[in-house]
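Chain residues, written in single-letter form:
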Amino acid sequence: MIKTAYLVLFNVASCLGWAYVLGQTLQTLYTDKNIAATSAGLWDIIGEPLKIVQTMALMEVIHALVGLVRSPVGSTFMQVSSRLWLVWAINVLCPESRTHWGFVLMVMSWGLVEVPRYAFYALNLLDAVPNWLFFLRYHLFMVLYPSGVTGEVTCMIKSLPLLASGAYSITMPNTHNIAVSLYVIVLIIMVIYIPGLPIMYSHMNVQRKKAYAKKNETKSIKKD
């Protein structure tokens, strides 16, 4: 009972947080009428709530680790860590990464995925998922994963000029005899994205098939 109440509360809070971020993004886009104007000032409006609601997703990894939910730890960690990387290492540190259309596309794609996803999780715990929400949960990713990745990669590309200048890099010689370049790390992560998207896409397709199989099985049992 306590476990269910906690998970419902967490998912409702996350859903509302993403709904706010998405709503502010859409309102700003509608007000400015063009994506260039929206991207220029959007971070000032949604920056803080975006950081909060995206960082909250760390709890999903913990939920999977301790067995509160049956989500696979690996894929959950991959998705959450990539989002945190974009927000904290790219958008926060590199202003250029958040003042163009790719940032707007990324945030809208995330929001359009996350609002129905968290709503689905909350209602699923109460065994009250409507058919339309079930459909959105297992079909939106087909469009929004590629659009989200396009926005994410664009944000990273836009951060490269600043990072190439040596910003946020540790050079030799130094006390610890280590050299770290955020520029190189970004390039490596962009390469990892090449196999990463098909892996996540395949995972979601498997989850969709399992969900529909389970739903059809439940319907069959009820009819019997």
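On a predicted model such as this, the values are computed, not experimentally measured, just so you know.

## Overview of the environment of G47
At step 1: On the secondary structure map, G47 appears in helix α2 (residues 35-56).
At step 2: Taking the relative accessible area as the measure of exposure, G47 reaches 3% and is therefore buried.
At step 3: Remark: the alpha-carbon pair of G47 and V92, spanning 45 residues in sequence, is separated by 8.5 Å.

## Thoughts on the UniProt feature "transmembrane region" (unreviewed entry) in the chain
At step 1: According to UniProt, the positions carrying the feature "transmembrane region" (unreviewed entry) are residues 85-112, 143-168 and 180-201.
At step 2: Secondary structure across residues 85-112 comprises 68% helix and 0% strand; the distance between its end C-alpha atoms is 20 Å.

## Thoughts on the nonpolar core
At step 1: In this structure, W18, L50, W85, L86, F103, M156 and V186 are the most contacted members of the largest nonpolar core, which totals 38 residues.
At step 2: When residues of this core are traced back to their parent elements, those giving at least two are α1 (2-32), α2, α4 (73-91), α5 (101-125), α7 (141-164) and α8 (182-223).
At step 3: When residues in this core are grouped by element, the largest group, 8 residues, is from α5.
At step 4: Excluding its chain neighbours within four sequence positions, the residues that come into contact with V186 are W85, I90, M156, S159, L160 and L163.
At step 5: With 6 residues, the next largest nonpolar core counts V113, F141, L144 and M200 among its residues.

## Describing the pattern of salt bridges
At step 1: Counted according to the given criterion, the structure contains 4 salt bridges.
At step 2: Taking the shortest distance from any N to any O, the salt bridge between K51 and E48 comes out at 2.8 Å. Highlighted residues: K51 and E48, both in helix α2, separated by 3 residues, approximately one helical turn.
At step 3: In this structure K51 comes out as buried when scored by relative accessible area, which is 14%.
At step 4: The salt bridge involving R83 is made with E114; its shortest N-O contact spans 3.0 Å. Of this pair, R83 sits in helix α4 while E114 sits in helix α5, and the two are 31 residues apart along the sequence.
At step 5: With a relative accessible area of 5%, R83 lands in the buried category.

What counts as what
Residues numbered from 1 in each chain as written. Predicted model: local features only at pLDDT ≥ 70, side-chain atom pairs only at ≥ 80, totals over all residues. Heavy atoms only, no water. Helix = DSSP H or I, 4+ residues; strand = E, 2+ residues; numbered from the N terminus. Buried < 20%, exposed > 50% of the residue type's maximum accessible area, 1.4 Å probe, protein only. UniProt positions renumbered as here; feature names shortened; annotations may be inferred. Core = buried A, V, L, I, M, F, W, Y, C linked by side-chain atoms within 4.5 Å. Contact = heavy atoms within 4.5 Å. Salt bridge = Lys/Arg side-chain N within 4 Å of Asp/Glu carboxyl O.

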